[in-house]
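Structural overview
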Amino acid sequence: MFKLNGTIFMPPVLTLIGIPSLESVQFWIGIPFCDMYIIALFGNSLLLIIIKSERSLHEPMYLFLAMLGATDIALSTCILPKMLGIFWFHLPDIYFDACLFQMWLIHTFQGTKSGILLAMALDRYVAICDPLRHATIFTHKLLTQIGVGVTLRAALLVAPCLILIKCRLKHFGTTVVSHSYCEHMAIVKLAAEDIRVNKICGLFVAFTLLGFDIIFITLSYIRIFITVFNLPQREARLKAVNTCIAHICVFLEFYLLGFFSFFTHRFGFHIPPYIHILLSNLYLLVPPLLNPIVYGVKTKQIRDRVSKVFHSKDSS
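Conventions used here
Residues numbered from 1 in each chain as written. Predicted model: local features only at pLDDT ≥ 70, side-chain atom pairs only at ≥ 80, totals over all residues. Heavy atoms only, no water. UniProt positions renumbered as here; feature names shortened; annotations may be inferred. Helix = DSSP H or I, 4+ residues; strand = E, 2+ residues; numbered from the N terminus. Rg over C-alpha atoms; globule rule 2.2 N^0.38 Å. Contact = heavy atoms within 4.5 Å. Areas by Shrake-Rupley, 256 points an atom, 1.4 Å probe, with all protein chains shown as cover. Lys, Arg positive; Asp, Glu negative; His and termini not counted. Charge placed at Lys NZ, Arg CZ, Asp CG, Glu CD. Patch = residues over 30% accessible without salt bridge, like charges linked within 9 Å, V, L, I, M, F, W, Y side chains within 5 Å. Salt bridge = Lys/Arg side-chain N within 4 Å of Asp/Glu carboxyl O. Buried < 20%, exposed > 50% of the residue type's maximum accessible area, 1.4 Å probe, protein only. 1 Å grid on protein atoms, 1.4 Å probe; cavity = no way out; pocket = protein on both sides within 12 Å on 5 of 7 lines; lining within 4 Å. Points joined across faces, edges and corners; volume = space filled by probe spheres on them. Nonpolar A, V, L, I, M, F, W, Y, C, P; charged D, E, K, R; others polar. Core = buried A, V, L, I, M, F, W, Y, C linked by side-chain atoms within 4.5 Å. Expected span 1.5 Å × (residues − 1). Bend = angle between axes of the 7 residues up to and from the residue. Phe/Tyr/Trp six-rings, centres within 6.5 Å; stacked < 30°, edge-to-face > 60°. Disulfide = S-S within 2.5 Å.

With an unreviewed UniProt entry as reference, the protein chain is termed Olfactory receptor 52A5-like, source organism Canis lupus dingo. Per UniProt, the comment on the protein chain under Subcellular location (unreviewed entry) is "Membrane".

What follows concerns the overall build of the protein chain. Within the protein chain, the secondary structure is distributed over 10 helices and 6 strands. The C-alpha radius of gyration of the protein chain comes to 22 Å, within 12% of the 20 Å expected for a compact globule of 316 residues. Here the contacts in the protein chain between residues at least 6 apart in sequence split such that 79% fall between residues at least 24 apart. Total accessible area on the protein chain stands at roughly 15,700 Å², and carbon and sulfur atoms take up 71% of it. Across the protein chain, the centroid of the 26 positively charged side chains sits 5 Å from that of the 17 negatively charged ones.

On the surface, a cluster of nonpolar side chains totalling about 550 Å² of accessible area is made up of Phe212, Ile215, Phe216, Leu219, Ile222 and Ile226. Among the secondary structure elements, Phe216 is positioned in helix H7 (residues 196-229). Among the residues examined, Phe216 registers a relative accessible area of 37% and is labelled partly exposed.

In this structure, the largest pocket spans a volume of roughly 540 Å³. Considering the residues around the largest pocket, the lining is formed by 24 residues, among which Met61, Arg124, Lys239, Asn242 and Thr243 are closest to the centre. For the lining of the largest pocket, the secondary structure elements donating two or more residues are helix H2 (60-89), helix H3 (96-129), helix H8 (234-267), helix H9 (273-298) and helix H10 (300-315). Top element by residues in the lining of the largest pocket is H8. It accounts for 7 residues. Within the lining of the largest pocket, the residues separate by chemical class into 11 nonpolar, 7 polar and 6 charged.

Of all hydrophobic cores here, the largest spans 87 residues; its most connected members are Leu68, Ile79, Leu117, Ile165, Ile217 and Tyr255. Among the elements that line this core, the one with the most residues is H3, at 14 residues. With residues near it in sequence (within four places) discarded, Tyr255 still touches Ser114, Leu117, Leu210, Asp213, Ile214 and Ile217.

For H9, which comprises 26 residues, the first-to-last C-alpha distance of 36 Å matches the rise-based estimate of 38 Å (1.5 Å per residue) to within 8%. Of all bends in H9, the biggest is about 30 degrees, found at Tyr283, and the proline Pro287 comes one to four residues later.

What follows is about the packing of aromatic side chains. Aromatic rings in a pair are described by how distant their centres are and how their planes are angled relative to each other. Across all of its chains, the model carries 13 aromatic pairs by this definition. Centre to centre, the rings of Phe64 and Phe138 are 6.2 Å apart; their planes meet at 85 degrees, and the pair counts as edge-to-face. Of the two residues, Phe64 is situated in helix H2 and Phe138 in the loop between helix H4 (134-137) and helix H5 (140-168); the sequence distance between them amounts to 74 residues. The pair Phe64 / Phe138 is uniform in exposure class, with both members buried. Pairing Phe254 with Tyr283 gives two aromatic rings, centres 5.6 Å apart and planes at 35 degrees, and the pair type is tilted. Of this pair, Phe254 sits in helix H8 while Tyr283 sits in helix H9, and the two are 29 residues apart along the sequence. Among the residues examined, Phe254 registers a relative accessible area of 1% and is labelled buried. Accessibility expressed as a relative area gives 7% for Tyr283, which makes it buried.

With that settled, the discussion passes to the environment of Leu16. Looking at the secondary structure, you find Leu16 in strand S3 (residues 13-16). Note: C-alpha distance between Leu16 and Asp93 (77 residues apart in sequence) is 6.3 Å. Beyond its immediate stretch of four places on either side in the chain, Leu16 contacts Lys82, Ile86, Pro92, Ile94, Val177, His179, Ser180, Tyr181 and Cys182.

Counted according to the given criterion, the structure contains 1 disulfide. One disulfide bridge connects Cys99 with Cys182, the sulfur atoms lying 1.9 Å from each other. Classification of the bridge connecting Cys99 and Cys182 rests on its S-S torsion, roughly -115 degrees, and on that basis the disulfide is left-handed. With Cys99 in helix H3 and Cys182 in the loop between strand S6 (176-177) and helix H6 (184-188), this residue pair connects regions lying 83 residues apart in the sequence.

One non-glycine residue, Ser21, lies in positive phi territory at about 75 degrees. Here Ser21 lies in the loop between S3 and helix H1 (26-53).

In this structure, Leu68 sits in helix H2. The buried category is assigned to Leu68, whose relative accessible area is 0%. Between the C-alpha atom of Leu68 and that of Gly115, which follows or precedes it by 47 residues, the distance is 9.7 Å. Sequence-distant contacts of Leu68, that is, excluding residues within four places in its chain, are made with Lys113, Ile116, Leu117, Met120, Val250, Asn291 and Tyr295.

The following block contains the structure:
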């Protein structure tokens, strides 16, 4: 590791400390985190298996849900193994390039998930506001294009953040990352150089992905509720609202946690660092845990299929 004027030139290895000020209890914190990961992995895998095996669930709403479950599995798998390595086995070191790759994967899957939530909102919008055209608009070909499109959109928009770190930032004041995974701003703040361009790029990507999506999701649901409340029959209104409740819950948990974590990390100067890190961890771990539970409870077709699976096991 080459040092120049008290700075470190292009460090090959970074050190993730986990949760600042809570190092002595990280072992115990890792236990509920591991439990959350196992439950999320099981719940989302079960959801994928049920949707794949049940032909009646090969509809846009459920196929988008399968995409969401696969993204949740990938996102939580990007961070948990390394995090538990820090908490349980005292393995904090990570190669600089591997850290950048983890950062790119995490933010790409976050952007992909946001795009899928937007697609789910648009699906509900067409299903409720223009039901006769729903089947002709949301074909399997379009669903495939949406899945590929939201993934490429996130991957390409996040890539400049990675390239700017790699190409612009050569001198670092420290190699110790005050985080439990490789997050964009946590890495950028290590640099002993002007990081304004990196900050602007990060904000641009965040608002282009999440900001754009949340605006169009909100507009879709405003239009949906206007249509629903104009329906003449009370039963029809309740049925239409019920099909949206699960998605609204998932939408709120993802964006509220996400924006709270995002703004406290950048502007919450008086909030203790361990609060920032815990919020960031929960933001990535809680939605994958809750999503299959929310959809399993609120969606009758999935609930019935899950009951059938476990009932057949008990019978045998």
